[in-house]
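What follows is each chain in one-letter form.
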Amino acid sequence: MTAVTATTQGVVRWSRACTLGVVAVVAVVGTGCSTGTATTADTPPPAASAAAPGLAMPVAAPLPPRPVPDATNVTCAYVPGGRSARPATAPATTSAPTSGTTEITLDTTIGAVPLVLDRASAPCAVHSLESLARQGFYNGVACHRLSTHVGARLYQCGDPSGTGTGGPGYTFADEWPVTVSHGSGGYTPPPALYPRGTIAMANTGRADTNGSQFFLVIGDSVLYPQYTVLGTVGEAGLPLLDAAAAAGDDGSSPLGGGTPTTPVVITGIR
């Protein structure tokens, strides 16, 4: 049987009687154990165990092709729920455009980190993040977790409580690649490569539980394709994140990694 163990948002982690090695975040493809249950109650979790020094990058397929939007706008449902870590309101309109990109900049304690958000990939996620940014929801919020394991190199940001369990008080549905990634016979779809520079939504490990938390992927990462991709980190921001990540973390997170040694705090978004 598979035990459910993690309760905070992150990359999904698994606990099984047999040895899987590093699963979810550092996903071992073709392992002898083929089934499992996501370990989350309130947030998505990452890889089960730290990768051994020198462990090779797992082999994984690329993310599936992005579908072409069939309308210029979509209607997004922002459903009240989840732990509200700071007062926030859902976007004033539920209609979101499905074309073009929008550029924003995270002003942080390590410098300016530009982001390019892709409305075609995740119109509802982009719409929500822009709304929260305008409300100042992310101001003063630290990226509370860093993972530097092989195949799982990422920052997790966007929770004002710093616990990995907080959000804006509403949730919304998954978008690409989640909506086009399918397993077989009820099994989880195989892991996929989330390339360096990807921005993806964190969730609770269950469907349609996106909120305010997101990942900044600083190195190619092999994850189950259950995290909505909403854009990329601009080239100017990656060296800043790399330099901060080089100081490591305190190893405190049961999801992998821990609190960054060099704090990365969002002071504003423009």
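See the structure shown above.
Residues numbered from 1 in each chain as written. Predicted model: local features only at pLDDT ≥ 70, side-chain atom pairs only at ≥ 80, totals over all residues. Heavy atoms only, no water.

Regarding the overall build of the protein
- Each helix and strand in the protein was counted, giving two helices and 18 strands.
- For the protein, the proportion of its 270 residues judged to be buried stands at 52%.
- Sequence-distant contacts in the protein: of pairs separated by 6 or more residues, those separated by 24 or more amount to 76%.
- Accessible surface computed for the protein: about 10,900 Å², of which carbon and sulfur atoms make up 57%. (Helix = DSSP H or I, 4+ residues; strand = E, 2+ residues; numbered from the N terminus. Buried < 20%, exposed > 50% of the residue type's maximum accessible area, 1.4 Å probe, protein only. Contact = heavy atoms within 4.5 Å. Areas by Shrake-Rupley, 256 points an atom, 1.4 Å probe, with all protein chains shown as cover.)

So, the pattern of salt bridges
- This model, assessed by the stated rule, comprises four salt bridges.
- Residues arginine 196 and aspartate 242 are paired through a salt bridge, measuring 2.8 Å at the closest nitrogen-oxygen approach. In this pair, arginine 196 is assigned in the loop between strand S13 (192–194) and strand S14 (198–201) and aspartate 242 in helix H2 (residues 238–245), connecting sequence segments 46 residues apart.
- Assessed through its relative accessible area of 36%, arginine 196 is described here as partly exposed. (Salt bridge = Lys/Arg side-chain N within 4 Å of Asp/Glu carboxyl O.)

Quick look at the state of the cysteines
- Taken as a whole and assessed by the stated rule, the structure comprises two disulfides.
- Note that cysteine 76 is cross-linked by a disulfide to cysteine 124, the S-S spacing being 2.0 Å. Residues cysteine 76 and cysteine 124 are joined by a disulfide whose S-S torsion is about -90°; by sign, that bridge is left-handed. You can see cysteine 76 sitting in the loop between strand S4 (73–75) and strand S5 (79–80) and its partner cysteine 124 sitting in helix H1 (residues 123–134), a full 48 residues away along the chain.
- A relative accessible area of 3% places cysteine 76 in the buried class.
- Here cysteine 124 falls in the buried class, since its relative accessible area comes to 10%.
- Through a disulfide, cysteine 143 is tied to cysteine 157; the S-S separation comes to 2.1 Å. Disulfide cysteine 143-cysteine 157: torsion about the S-S bond near 95°, hence right-handed. Taken together, the residues span a long stretch of sequence, with cysteine 143 in the loop between strand S9 (141–142) and strand S10 (145–149) and cysteine 157 in strand S11 (residues 152–157) at a distance of 14 residues. (Disulfide = S-S within 2.5 Å.)

With respect to the nonpolar core
- Counting residues in hydrophobic clusters, the biggest one holds 36 residues, and the most contacted among them are Leu115, Tyr155, Phe214, Leu216 and Leu230.
- If you list the elements that add at least two residues to this core, you get strand S7 (101–108), strand S8 (111–118), H1, S11, S14, strand S15 (214–219), strand S17 (229–233) and H2.
- Broken down by element, this core gets its largest block of residues, five residues, from H1.
- Grouped together as the second largest cluster of nonpolar side chains are 12 residues, Leu63, Val217, Leu223 and Val229 included. (Core = buried A, V, L, I, M, F, W, Y, C linked by side-chain atoms within 4.5 Å.)

Looking at the packing of aromatic side chains
- For the coordinates displayed, the defined rule picks out six aromatic pairs.
- Between the aromatic rings of phenylalanine 137 and tyrosine 138, the centroid separation amounts to 5.4 Å while the plane-to-plane angle is 90°, which identifies the pairing as edge-to-face.
- The buried category is assigned to phenylalanine 137, whose relative accessible area is 1%.
- Here the aromatic rings of phenylalanine 215 and tyrosine 227 are separated by 5.6 Å at their centres, their planes lie at 85°, and the arrangement is edge-to-face. Here tyrosine 227 lies in the loop between strand S16 (221–223) and S17 and phenylalanine 215 lies in strand S15, a separation of 12 residues in the sequence. (Phe/Tyr/Trp six-rings, centres within 6.5 Å; stacked < 30°, edge-to-face > 60°.)

Description of the sheet that holds S7
- Sheet architecture is open: nine strands sit in the order S9-S18-S7-S8-S17-S14-S15-S11-S10, paired in antiparallel fashion. Both edges of this open sheet fall to S9 and S10, since each of them pairs with a single strand only.
- Summarising the sheet, S9 and strand S18 (residues 265–269) pair through two bridges and their orientation is antiparallel. What sits directly across from valine 141, in S18, is isoleucine 266.
- Against the sheet, H1 contacts S7, S8, S14, S15, S17 and S18, and its axis sits at roughly 145° relative to S8.
- Lying on the sheet, H2 is in contact with S8, S10, S11, S15 and S17; it crosses S15 at an angle near 85°. (Pairing = 2+ DSSP bridges. Axes fitted to C-alpha atoms, helices over the stretch in contact; angles between N-to-C directions.)

Overview of the side chain of glutamine 226
- Structurally, the position occupied by glutamine 226 is in the loop between S16 and S17.
- Take glutamine 226: its relative accessible area is 16%, and that puts it in the buried class.
- Within the local environment of glutamine 226, its side chain forms a polar contact with the side chain of tyrosine 227, the two groups lying 3.4 Å apart. (Polar contact = N/O pair within 3.5 Å; in protein donor to acceptor, adjacent residues only side chain to side chain.)

Let's talk about the sheet that holds S13
- Taken in spatial order, the three strands make up an open sheet running S3-S13-S16, and their pairing is mixed. Both edges of this open sheet fall to strand S3 (61–62) and S16, since each of them pairs with a single strand only.
- Relative to S16, S13 is paired through three bridges, and the arrangement is antiparallel. Its bridge partner lying in S16, leucine 193 is registered against valine 222.

Interpretation note: all reported values are geometric properties and have no functional meaning in isolation.
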